[in-house]
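Descriptive structure summary
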Amino acid sequence: MRLDQYITVSPEVQFGKPVFKGTRVPVESLFFHLERGLSINDFLEDFPGVSKEQAEAILESAAQLFQSSNWKKFDEIIA
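Within every chain, residues take consecutive numbers counted from 1 along the sequence as written. Residues qualify for local features only when their pLDDT is at least 70, as the model is predicted, and side-chain atom pairs are given and counted only at 80 or more; totals for whole chains, interfaces and linings, by contrast, use all residues. Hydrogens are left out, water is left out, and the side-chain values use all remaining heavy atoms of the structure.

The salt bridge criterion pairs a side-chain nitrogen of Lys or Arg with a carboxyl oxygen of Asp or Glu, the two atoms within 4 Å. Following the criterion strictly, the structure yields 2 salt bridges and no others. The shortest N-O distance in the salt bridge between Asp 4 and Arg 2 comes to 2.3 Å. Lys 17 serves as the salt-bridge partner of Glu 28, at 2.9 Å between the closest nitrogen and oxygen. Residue Glu 28 is found in helix α1 (residues 28-35), and its partner Lys 17 is found in the loop between β1 (7-8) and β2 (19-20); the two are separated by 11 residues along the sequence. Secondary structure elements follow DSSP: runs of H or I of four or more residues count as helices, runs of E of two or more count as strands, with numbering from the N terminus.

Here it is in C-alpha cells:
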C-alpha cells in the first residue's frame, strides 16, 4: 500500500504535518480520536472531508508496520 495515495505533506499545510490527502486534517487527529475511545465513525463525523477509505488505509498501514519485520526501519525513523 502506498501511503502517498492517502497522505500528503507540505510545509504550507498544517506546518508540514502529514494530512489526509485533499484535506487539511492532520493524520494524528485520527489517532487522537481513537486514543480518547471514540470510534472511527465519530472521527469521520468530525472530519467529513476524510473518507472512510483514507482512515482505514492509515490504520491498516499502522497495523502492518507493527506486525512486520520492518519494525527496525520504523525505529530508525523515530530515533
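Moving on, we come to the packing of α1 against helix α3 (residues 52-67). When two helices pack together, their arrangement is captured by the angle between the axes and the distance separating the axes. Here, axes are lines fitted to C-alpha atoms. For helices the fit covers the stretch in contact, and angles between N-to-C directions go from 0 to 180 degrees. Viewed as axis vectors pointing N to C, α1 and α3 meet at an angle of 80°, and their least axial separation amounts to 11 Å. When the interaxial angle is binned, α1 and α3 end up roughly perpendicular. Residue-level inspection shows Leu 30, Phe 31 and Leu 34 of α1 in contact with α3, the latter providing Ala 55, Ile 58, Leu 59 and Ala 62. Each residue gets one of three labels, nonpolar for Ala, Val, Leu, Ile, Met, Phe, Trp, Tyr, Cys and Pro, charged for Asp, Glu, Lys and Arg, and polar for the others, Gly among them. The class makeup of the residues in the contact of α1 with α3 is 7 nonpolar, no polar and no charged. Throughout, the term roughly parallel applies to angles under 35 degrees, roughly antiparallel to angles over 145, roughly perpendicular to angles from 65 to 115, and oblique to all others. Contact between two residues is taken to exist if any of their heavy atoms lie within 4.5 Å; hydrogens are not considered.

To qualify as a nonpolar core, a set must consist of buried Ala, Val, Leu, Ile, Met, Phe, Trp, Tyr and Cys residues joined through side-chain atoms within 4.5 Å. The buried label applies to any residue whose accessible area, calculated with a 1.4 Å probe on protein chains only, is under 20% of its type's maximum; exposed applies above 50%, and partly exposed to all values in between. Residues Phe 20, Leu 30, Phe 43, Leu 44, Val 50, Ala 55 and Ile 58 are the most contacted members of the largest nonpolar core, which totals 13 residues. Of all elements in the fold, only α2 (40-46) and α3 reach the threshold of two or more residues within this core. Residues in contact with Val 50, not counting those within four places in the same chain, are Phe 20, Thr 23, Val 25, Phe 43, Leu 44 and Ala 55.

With a phi close to 50°, Gln 14 is a non-glycine residue in the positive phi region. Locating Gln 14 in the fold gives a position in the loop between β1 and β2. Within the chain, Phe 15 stands out as a residue other than glycine whose phi angle is a positive 60°. Inspection of the secondary structure assignment puts Phe 15 in the loop between β1 and β2. Its relative accessible area of 82% is what places Phe 15 among the exposed residues.

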